[in-house]
Amino acid sequence: MTDILNFINGEYVKNASGKTYEKRNPVDNSLIGMVHEAGKPEVDAAVAAARAALKGPWGKLSVVERCNMLDAVVDEINRRFDDFLQAEIADTGKPARLASHVDIPRGAANFKIFTDTIKNASTESFEMRTPDGKAARSFGVRTPRGVIAIICPWNLPLLLMTWKCGPALACGNTVVVKPSEATPSTATLLGEVMNKVGMPKGVYNVVNGFGVDSAGSFLTAHPDVNGITFTGETKTGTAIMKAGADGIRPVSLELGGKNAALVFADCDFQVAIDTVTRSVFENCGQVCLGTERVYVQRPIFEKFVSALKEKAETMTPGRPFDPATRIGPLVSKIHQKKVLGMYRKARDEGATIVTGGGVPDMPDDLKDGCWVQPTIWTGLPETATVVTEEIFGPCCHIQPFDTEEEVVNMANNNRYGLATAVFTQDVSRAMRLSTEIEVGLCWINSWFLRDLRTPFGGSKQSGIGREGGLHSLEFYTELRNVMVKY
Ligand code: NAD
């Protein structure tokens with residue numbers, strides 16, 4: 001068992017009051033360690049360290065020197081790949097196959113893409129004549145925004161944290177990270193990497209704890225924080241936006257979703273089945289971009305339902321390093337209770353349970369883990385709870401449709417607007433739908449395909465702002481205009 005500490009001003013620290021909470025492994029509920037919850041004094045110290053570091057050696061580095069240091073962070077994460085893998089898996093229980101291909105490599109790559117971006121980012125420049133016959137040139141200069149608070153969820157802990165921390169540091173800011181209470185380990189471990197590469201003290205800080213009346217709300221309310229970037233639930237995003245309003249601090253919000261997949265009868269059936277299998281069940285359904293509503297055109301409806309059922313039933317749950325494991329547990333007992341509550345709700349509202357709907361039968365040593373069965377429903381109206389509300393579990397409802405117009409209306413009839421996946425071989429239809437469906441991300445015949453130079457974010461209640469490539473600079477820098485008369 002280990003102590004999971006806060007990382008403030010280059011040092012690992014406990015909290016003044018000695019307050020801790022248990023971090024348990026979702027695979028078997030064994031105790032991983034005690035997390036030292038940051039109180040107000042620790043959050044104040046972290047923000048003060050971050051503010052001081054803006055003026056210290058960090059603020060005096062050239063862009064290239066700064067980027068070289070962040071490239072060294074990438075190398076060090078890769079050198080300690082197994083430590084990050086073990087830490088991420090202990091916190092989340094996800095299969096090693098997944099974490100070693102997605103979480104850790106992408107967690108490292110998120111630094112590299114932004115060092116490349118910032119080194120190559122240009123600004124505009126205009127010349128004009130002045131009324132007195134002279135000339136003036138205006139040009140843009142990007143400066144760091146200051147101290148950035150990064151509030152993270154638990155589903156892809158390292159990846160989603162470095163997606164914010166990478167651009168924030170590449171742009172010359174300093175950061176205070178608040179990982180999810182459920183997954184504190186990799187953000188905390190990254191402190192060791194920062195020290196190893198010689199990152200100046202106070203540039204990267206981590207405060208552990210919860211949201212309300214804990215590290216999260218202390219951090220977002222802190223007047224010395226200059227910007228808040230958040231990934232998590234829409235309800236939490238609302239609270240964070242309100243916190244940002246005090247002091248007019250900008251927020252970047254990546255929030256919840258209730259993503260639809262649209263499968264047309266003219267699709268490549270195998271591509272659609274293989275891709276929707278991933279988009280529904282990958283990471284045990286705990287992916288913000290995952291599909292929970294599947295719409296299938298009537299001629300192939302029955303065939304699609306039985307093929308997806310067959311796929312769902314091959315998802316063997318098990319230990320992360322067991323090569324036979326195809327699906328891990330949910331992240332926590334709290335989340336398991338929420339998902340099982342939704343499973344009950346689907347039954348009560350009259351769903352046909354095609355497969356799953358409960359807890360799988362696990363061997364004795366895993367019985368206490370946070371397991372749920374991959375689940376498929378049909379037969380519900382579009383107003384049913386599991387068709388309208390985000391569940392964040394390995395489940396979906398499949399609805400038949402007849403016309404393109406009908407399915408666009410159903411897909412759009414939701415308060416969220418994060419992502420969609422469309423399966424059709426008709427290019428004209430694909431082009432039409434890519435603008436008609438109200439989302440930030442639209443995949444055609446694919447899912448989770450990401451070019452990190454492109455904008456990422458949600459529309460409607462799925463978020464505010466876009467991050468990725470040059471778009472991240474909008475949030476992580478102040479674009480100032482300089483005018484020179486000559
Ligand atoms: P959550 O909103 O419950 O928690 C996220 C973080 O916010 C945690 O660190 C939590 O401690 C903190 N927090 C909670 N209340 C707070 C408050 N009042 N002030 C400050 N901080 C507070 O989300 P979660 O359950 O960790 O993650 C799952 C959610 O995240 C889902 O809704 C999912 O769709 C969303 N998500 C969105 C994206 C995206 O890119 N749009 C990516 C991943 C996850």
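Above this text is the structure in question.
Here goes a summary of the coordinates provided. Fair warning: this is a prediction, and the values are worked out from it, not measured in the lab.

**Observations regarding the site of the ligand**
Link 1 in the chain: Inspection of the region around the ligand gives 30 residues, with Cys152, Lys178, Glu181, Thr236 and Glu390 positioned closest.
Link 2 in the chain: One of the side-chain nitrogen or oxygen atoms of Lys178 is found 2.7 Å away from an oxygen atom of the ligand.
Link 3 in the chain: Here Leu255 contributes a backbone N or O atom positioned 2.7 Å from a nitrogen atom of the ligand.
Link 4 in the chain: Out of a free accessible area of 850 Å², the ligand has 92% covered by protein chains.
Link 5 in the chain: Residue contributions to the shell around the ligand reach at least three from each of two domains, namely domain 1 (2-255 + 462-485) and domain 2 (259-451).

**Topic: the nonpolar core**
Link 1 in the chain: Counting residues in hydrophobic clusters, the biggest one holds 117 residues, and the most contacted among them are Tyr204 and Phe304.
Link 2 in the chain: If you tally residues by element for this core, the top one is helix H5 (residues 96-120), at 8 residues.
Link 3 in the chain: Ignoring any residue separated from it by four or fewer positions in sequence, one finds Phe304 in contact with Val263, Phe269, Ala272, Ile273, Val276, Val294, Val296 and Ile398.
Link 4 in the chain: Counting 20 residues, the second largest nonpolar core, distinct from the first, contains Ala50, Ala149, Val207 and Ile240.

**What about the packing of aromatic side chains?**
Link 1 in the chain: Applying the stated rule across the entire model yields 11 aromatic pairs.
Link 2 in the chain: Both rings, one in Phe7 and one in Tyr12, keep their centres 4.9 Å apart while their planes meet at 50 degrees; by these two values the pair is tilted.
Link 3 in the chain: Residue classification places Phe7 among the buried residues on the basis of a relative accessible area of 2%.
Link 4 in the chain: Consider the rings of Phe475 and Tyr476, whose centres lie 5.0 Å apart with planes at 90 degrees: the pair is edge-to-face.
Link 5 in the chain: When its relative accessible area of 7% is taken as the criterion, Phe475 is described as buried.
Link 6 in the chain: Since its relative accessible area comes to 0%, Tyr476 is described here as buried.
Link 7 in the chain: A connected cluster of aromatic rings, assembled from ring pairs, spans Phe7, Tyr12 and Tyr204.
Link 8 in the chain: When the ring centre of Phe475 is taken as reference, the NZ or CZ atom of Arg145 above it lies at 5.6 Å.

Procedures and definitions
- Residue positions within a chain follow its written sequence, with the count starting from 1.
- Under the rules for a predicted model, residues below a pLDDT of 70 receive no local features and side-chain atom pairs below 80 are neither given nor counted, while totals for whole chains, interfaces and linings still include all residues.
- The side-chain numbers reported here are obtained from all heavy atoms of the structure, hydrogens and water having been left aside.
- The nearness test applies per residue and asks whether one of its heavy atoms lies within 4 Å of the molecule or strand.
- Identification of polar contacts relies on pairs of N or O atoms within 3.5 Å, with a donor-acceptor requirement for protein atoms, meaning one able to donate a hydrogen and the other able to accept it, and with residues adjacent in sequence counted only if both atoms are side-chain atoms.
- Note that accessible areas follow from Shrake-Rupley with a 1.4 Å probe, and for residues the cover is restricted to the protein chains shown.
- All the domain ranges listed were derived from an automatic or database domain assignment.
- Put simply, buried Ala, Val, Leu, Ile, Met, Phe, Trp, Tyr and Cys residues joined by side-chain atoms within 4.5 Å make one nonpolar core.
- Only protein chains enter the calculation, and the probe is 1.4 Å; a residue is then buried if its accessible area is under 20% of its type maximum, exposed if over 50%, and partly exposed in between.
- Helix numbering and strand numbering both begin at the N terminus, where a helix is a DSSP run of H or I of at least 4 residues and a strand a DSSP run of E of at least 2.
- Any two residues whose heavy atoms approach within 4.5 Å at even a single point are treated as in contact.
- Aromatic pairing here means that ring centres of Phe, Tyr or Trp (its six-membered ring) are within 6.5 Å. Orientation follows from the plane angle: under 30 degrees is stacked, over 60 is edge-to-face, and everything else is tilted.
- We call a charge positioned over a ring when the NZ of a Lys or the CZ of an Arg lies within 6 Å of the ring centre and within 35 degrees of the ring normal.

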